[in-house]
Structure formats: structure tokens, C-alpha cells
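Okay, here's what each chain looks like letter by letter:
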Amino acid sequence: MGTTQQRSLCLGGSSPRNCYQPQHTSARSVKRPNAWFQKRSDSGLLITMAFQSSAVARKTTKQDLGAIIGMIQELADFEKMSDGPRLTVEDLARDGGFDDQGPSSPVFQSFVLELTERAVETTAASKETSTSSTIASSGDLSTRTKLIGYAIFFYSYSTWRGKSLFLEDIYVKPEHRGHGHGEVLFKAVVEHARENGCARFDFHVLGWNPAKKFYARMGAENLTETEQWEFFRLTRDKMDRLCEG
């Protein structure tokens, strides 16, 4: 979280992490008509290939942390708080339980949103009639995978309802918004909260963030509007002054 303002959630753990795919949070295939290329078949036909993409939310591995650090900075830039992030890959590895130097229980848990694009054949034409498009090289272009988002969260506690989950960050890269990928990631975290006995799922959003409409559509209630809750924070320097003054 930032040090002076509420962070927004932007869309639009000590054991090894395995792929996380709740039954009702399946990967979503999205056709990408502009992502295409052509290649020659052995018989001389010019085959048009299009990429179909699917996004899967899975548990973060240590190898993902460098990409997460980059996306944390992208989220801070979006929030107009570019100077906020101070963490390193080593900090995430320690606090998330990805190495032997961290706490006995991880401070946070994390999912990444992984996009897989697979090339599928759409049309084939003769060598003589197809000359307008660039022909793909002979390299393996059939499948490509990349990280396009992340979520960081941790358990909290309600004196009214008990064990709860707080979503610190959720982010999808701008060029991959509008395809349903953010919903895949958000629902995966909600399902994780359900499976682990959480009674509530909390997060906060900057007032100007257009993603507020998305969260409302997911069923989230704006407590600032309905219950007049306000969010307060003591930064480390203010904690020091309070305790040492």
C-alpha cells in the first residue's frame, strides 16, 4: 500500500505454490482477431493462424516475483504515486515465505494471472492467391505464455465475524483489460477466501478509479457510502514519533 493515500485496486504463501483453478473460476478463452500470422505448409499452402488466449489465476512461485515487482510499480504509476514502492524481490521472497529467511508463517499470499496464447489455424489458401501478408518465420510460434496480472492478500480478523481476508493489490496490465481476465483473478481470490473459512472479503479503492463499477458488479458494497467508514494509517515514522516521543 502507499504511504500517504489509500491505494486503489486496478483492473481495467511457506509451501510450494501449485496451480490454483477453482471449478467455477475456469480459464476464459478470448478470441484475438488482430493477433494473427501466416506460414507456409509443407505442400505450399499459405495458412492463416490466429491466437486464442486463456487466462488462469494460479499461486505465485518464486520465479514470478520479479514480474510482480514490475507490476507493483505499474500500479503505483496508475495511482499517481510512482515514488511509493520500496520493496525488492528479496523482500517479497522473505515476507511471502518463498525462502528460508522469512517468518514461520508468510505475511502475505499471492496469485498471478497467466495468459497463454495458442495459435490455431483459421484459413488456408494456395501459394498463388495469398501474397498480401507477412509469412511467419519457421520458429515455434504455436504457444506463448506471459504474466499479465497479480493479486496480493492476507488474512485479517473481524471481532464481529471472525477470520477474514484483505485484498491489498489486484492488477491487470492495461493492454489485457476488457477481456474478462480481471474477473478470473478476482473470483480466484474470493474462492480462496471461501475455501479457507473467511467470513468477509475486504479491500479499498481510490475514489476516482473507474474499476469501482467492476467491484459493484461483483457484488461488493461501498462501506464509505453505506456505513461512513474512513480509512486511517500511521506510517513508520509516525509510529516512531508516537512511541519514542
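One can find the structure itself at the top, above this paragraph.
Residues numbered from 1 in each chain as written. Predicted model: local features only at pLDDT ≥ 70, side-chain atom pairs only at ≥ 80, totals over all residues. Heavy atoms only, no water.

K.L.:
How would you explain the overall build of the chain if you had to name every residue and give the values?
P.N.:
If you tally the helices and strands in the chain, you get 6 helices and 6 strands. Overall, the chain shows an N-to-C arrangement of helices and strands of β-β-α-α-β-β-β-α-β-α-α-α. Taken across its 245 residues, the chain has 41% of its residues classed as buried. Per element, the accessible surface of the chain, about 14500 Å² overall, is 50% carbon and sulfur. (Helix = DSSP H or I, 4+ residues; strand = E, 2+ residues; numbered from the N terminus. Buried < 20%, exposed > 50% of the residue type's maximum accessible area, 1.4 Å probe, protein only. Areas by Shrake-Rupley, 256 points an atom, 1.4 Å probe, with all protein chains shown as cover.)

K.L.:
Tell me about the packing of aromatic side chains, and please be specific about residues and values.
P.N.:
Tallied over the entire structure, the rule returns 11 aromatic pairs. Taken together, a centroid distance of 6.2 Å and an interplanar angle of 45° make the contact between Tyr150 and Tyr171 tilted. Placement of Tyr150 in strand β4 (residues 143–158) and of Tyr171 in strand β5 (residues 162–172) is noted, with a sequence separation of 21 residues between them. Looking at Tyr171, the relative accessible area reads 2%, which means it is buried. With a centroid separation of 5.9 Å and an interplanar angle of 85°, the aromatic rings of Phe186 and Phe203 are classed as edge-to-face. Of this pair, Phe186 sits in helix α3 (residues 181–195) while Phe203 is found in the loop between β6 (200–202) and α4 (212–217), placing the two residues 17 residues apart along the sequence. A relative accessible area of 5% places Phe186 in the buried class. We note Lys80 situated over the ring of Trp208; from NZ or CZ to the ring centre the distance is 4.1 Å. Positioned above the aromatic ring of Phe78, the side-chain terminus of Arg177 is 5.8 Å from the ring centre. (Phe/Tyr/Trp six-rings, centres within 6.5 Å; stacked < 30°, edge-to-face > 60°. Lys NZ or Arg CZ within 6 Å of the ring centre and 35° of its normal.)

K.L.:
Tell me about the layout of surface pockets, and name the residues and values.
P.N.:
Size it by volume and the largest pocket reaches roughly 1400 Å³. If you list the elements that add at least two residues to the lining of the largest pocket, you get β4, β5, α3, β6, α4 and α5 (223–226). The element best represented in the lining of the largest pocket is β4, accounting for 4 residues. Partitioning the lining of the largest pocket into residue classes produces 18 nonpolar, 10 polar and 9 charged. (1 Å grid on protein atoms, 1.4 Å probe; cavity = no way out; pocket = protein on both sides within 12 Å on 5 of 7 lines; lining within 4 Å. Points joined across faces, edges and corners; volume = space filled by probe spheres on them. Nonpolar A, V, L, I, M, F, W, Y, C, P; charged D, E, K, R; others polar.)

K.L.:
How would you summarise the pairing of β4 if you had to cite specific residues and measurements?
P.N.:
Two elements, β4 and β5, share 10 bridges in a ladder whose sense is antiparallel. Bridge pairing in β5 links Gly149 to Val172. Between β4 and β5, which pair antiparallel one after the other, the connecting turn spans 3 residues. (Pairing = 2+ DSSP bridges.)

K.L.:
Quick one: what's the story with the pairing of β5, residue by residue and with numbers?
P.N.:
In terms of burial, β5 is a largely internal element, 10 of the 11 residues being buried. Looking at chain direction, β5 and β6 are connected through 3 bridges and run parallel. Note on β6: the bridge partner recorded for Ser164 is Arg200. After leaving β5, the chain enters α3 and then returns to the sheet as β6, a path that is right-handed. (Right-handed = clockwise from strand over helix to strand, strands pointing away.)

K.L.:
I'd love a proper account of a nonpolar patch on the surface, names of residues and values included.
P.N.:
Together, Leu234, Met239 and Leu242 give the surface a local cluster of nonpolar side chains, amounting to about 310 Å² of exposed area. By the secondary structure assignment, Leu234 is in the loop between α5 and α6 (236–244). (Patch = residues over 30% accessible without salt bridge, like charges linked within 9 Å, V, L, I, M, F, W, Y side chains within 5 Å. Salt bridge = Lys/Arg side-chain N within 4 Å of Asp/Glu carboxyl O.)

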